[in-house]
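# Structural description and commentary
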Amino acid sequence: MLADFNFRVIFEYLPLFLTGLRATFLISIVSIALALCTGIIACACRISPARVLKYPAIAYIEIIRSTPLLVQIYFLYFGLPTLGVRIPEIQTGILALMLNSGAYIAEIIRAGINSVDEGQLEAGISSGLNYVQRMRFIILPQALGVTIPPLLGQAIVLVKDSALLSLISVAELTRSGQLMTSERFMPTEAFFTVAFFYMCIYFVLKALAEWSQKKLIFREAY
Amino acid sequence: MENMIEFKNVHKWYGKLHVLNDINLEISRGEVLVICGPSGSGKSTLIRCINRLEEIQKGEIVVNNTPVHDKTVNLTRLREDIGFVFQQFHLYPHMTVLQNITLAPVNVKKMSRKKAEAIAMEKLEQVGLTDKSGAYPGQLSGGQQQRVAIARGLAMSPEIMLFDEPTSALDPEMIGEVLDVMVNLVSEGMTMCVVTHEMGFAKKVADRVVFMDEGKIVETGKPDEFFDNPKTERAESFISMILTH
Amino acid sequence: MMAFYFSRLMEIFPFFLKGLWMTVQIAFISLFTCTVLGFFLGIFRSGQNRFLKWFIGVYVSFVRGTPFVVQVFIIFFILPEWGIQLEAFPAALLAMAIMGSAFICEIVAGGISSIPKGQWEAAASSGLTMTQQLRLVILPQAMKVILPPLVGQYVLLIKDTSVVSVIGVMELTRVGWVTVVRIPEGLMVFSLVGILYFVISYPLILLSNYLERRMAV
């Protein structure tokens, strides 16, 4: 069993894994940045009183939340070509991750905004601040602190989700494991190595999330 | 005397609950009015209508010659003239004391930061907290937070100050420091509406006491008369209740 | 062309229903096993035994730190190397149980730790045994904290069943994947798949939202 664990093969394949790791890293960073923009816009529409903005935002968020990411990936992967859109797999994958995480991020931000005490809003109203000023000076700064830990949590989810891109042959970390398995048939070595790298990313992000949670000093003021 | 605030046949409902029932009230410039009554009597709602934190369904409220609930009214302009102090302080926890006070002057009155800070320090001196200008609300006691909240209201140089149970959330030993600040305000000729059960404060500085119950103004009178010789039975039982409390 | 493919798709619709049924079976069995296992693990995670706590902690970190699809590969490819042959369906159930119970364990442990120490002490002082303290005093209160994220986790588990399509289980996603080869209308095929997932997971999302609002009061 594990006694036969072949480290030599892993070292032999290390360049492949490192390339995969780099791809996973880049895909995740680009996707999370795009998802953050998508999420902010979707949230702004979601809480807006204008119905033409609000209802499409609700539909987007609920559809994403109630269907699996893998189905969303296949939808774009098999669906975009039928629309005549031909883009590389990696872009399809990033698009899917962006749309998927964007919906969750929209809800995270909305929860952050809702967590701010209503009295804060009333205090702002009473001193004559307008909607934009209240958002900018009172609500968003307080919401931000509450939002950062779950946003980092979403980043963890996104890194792991990016593994599904291996199924549309994007050359990322999990794909490296699949390639090594098909060439050498040493799945134990291949997938435990893959798992090890994911764990490394996970522990870094988790430590960040816990640190940011402790840094939320302002919440104690109330 | 000139009327600063005027309620004319004001009604308000929350669903079926008639929270304000035919309110008629005139408050003149420089007057100090204390509003008391059992919880749920509508007293907080009454003063929250003055700066339109609450909407009304019937009647009219005129503040400083402006009809508050008119659709065309410039609410920002109106609220600049009205300072509001909440029971729970509602200081902005992510800002220092100084930032709390200067936020509205800088962004609503478009004052320069320097000038706003000078005014803020002046107001902090008035409430006796100049040394706390750099502190965050979380580092202050309840009494200190409420004094900062008063300074925040004063920084807009309002003509009217509204207080919604300003001492109810405070530990007993801190009530005095807040009331002292309010008493000093009275001597400056500020028009004030105070929802409170602090009888000592009312007797000392109030020009009139309004007693509310079930959404109605039941009794109005001079503080001494009201507390020592209430005319209605409801007021009498209320007073005996806060005395034994 | 669209209309032609649509009628083809409708012809093989029963095939999709079979996939849906498989998804529902995996989901239902998994929710059950994950809940039972998750509660056990969560209770021991917040218990006194240090070794157990550490062991469960490592297990949970491994599961939470790696993608589910990698876990599925590990189970499907590696168990045979160790002499354990599993069909795709039981392998899928095993993977779901391992993954889901780790997440539910964290939810349960979080709920239990949200109860103030005084409650344990009060229950202990009135002579209740450890199990009674947990069963009669702590868990009933902790359920308020546990329930909303638990139902949220159920939604995630249902959606995660799509991943076991990679080892060939003929569930909904796999059916879509097989179909799209014959009917090259990706949008149409996967819209249908998406709608069927929506039908089973959206009611749970609504329930989760409702519980969150109710428990917040």
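Attention here is on the structure that accompanies the text. Worth saying up front: this structure is predicted, and the values here are computed from it rather than measured.

## Side note on the interface of chain A and chain B
Tallying the contact residues gives 19 residues for chain A and 24 residues for chain B. Inspection of the region where chain A meets chain B yields one salt bridge. Note that Arg 48 of chain B and Glu 122 of chain A form a salt bridge whose closest N and O atoms lie 2.5 Å from each other. Where chain A meets chain B, there are seven residue pairs in polar contact (both at pLDDT 80 or more). The element that contributes the greatest number of residues to the side of chain A that touches chain B is helix H5 (residues 118-126) of chain A, accounting for seven residues. Its residues placed into classes, the side of chain A that touches chain B shows nine nonpolar, eight polar and two charged.

## Here we look at a nonpolar patch on the surface
Taken together, the side chains of Phe 32, Val 36, Phe 40 and Phe 44 of chain C make up a nonpolar region of the molecular surface, amounting to roughly 430 Å² of accessible area. Position of Phe 44 of chain C among the secondary structure elements: in helix H2 (residues 13-45).

## Focus on the interface of chain C and chain A
At the junction of the two partners, chain C supplies 40 residues and chain A supplies 35 residues. Of the roughly 3300 Å² buried where chain C meets chain A, counting both sides, 76% is carbon and sulfur surface. It is Trp 82, Lys 159 and Leu 187 of chain C that lose the most area in chain C upon contact with chain A, and together they represent 17% of the buried surface on that side. At the boundary of chain C with chain A, the tally comes to zero salt bridges. Taken together, the connections running from chain C to chain A amount to five residue pairs in polar contact (both at pLDDT 80 or more). Mapped onto the side of chain C that touches chain A, the elements with two or more residues apiece are helix H3 (50-65), helix H4 (68-81), helix H7 (130-160), helix H8 (172-182) and helix H9 (186-216) of chain C. Among the elements that make up the side of chain C that touches chain A, the one with the highest residue count is H9 of chain C (twelve residues). For the side of chain C that touches chain A, a count of residues per class yields 25 nonpolar, eleven polar and four charged.

How each quantity is defined
- Residues numbered from 1 in each chain as written.
- Chains lettered and ligands numbered in written order.
- Predicted model: local features only at pLDDT ≥ 70, side-chain atom pairs only at ≥ 80, totals over all residues.
- Heavy atoms only, no water.
- Contact = heavy atoms within 4.5 Å.
- Salt bridge = Lys/Arg side-chain N within 4 Å of Asp/Glu carboxyl O.
- Polar contact = N/O pair within 3.5 Å; in protein donor to acceptor, adjacent residues only side chain to side chain.
- Helix = DSSP H or I, 4+ residues; strand = E, 2+ residues; numbered from the N terminus.
- Nonpolar A, V, L, I, M, F, W, Y, C, P; charged D, E, K, R; others polar.
- Patch = residues over 30% accessible without salt bridge, like charges linked within 9 Å, V, L, I, M, F, W, Y side chains within 5 Å.
- Areas by Shrake-Rupley, 256 points an atom, 1.4 Å probe, with all protein chains shown as cover.
- Buried area = accessible area lost by both parts, 1.4 Å probe.

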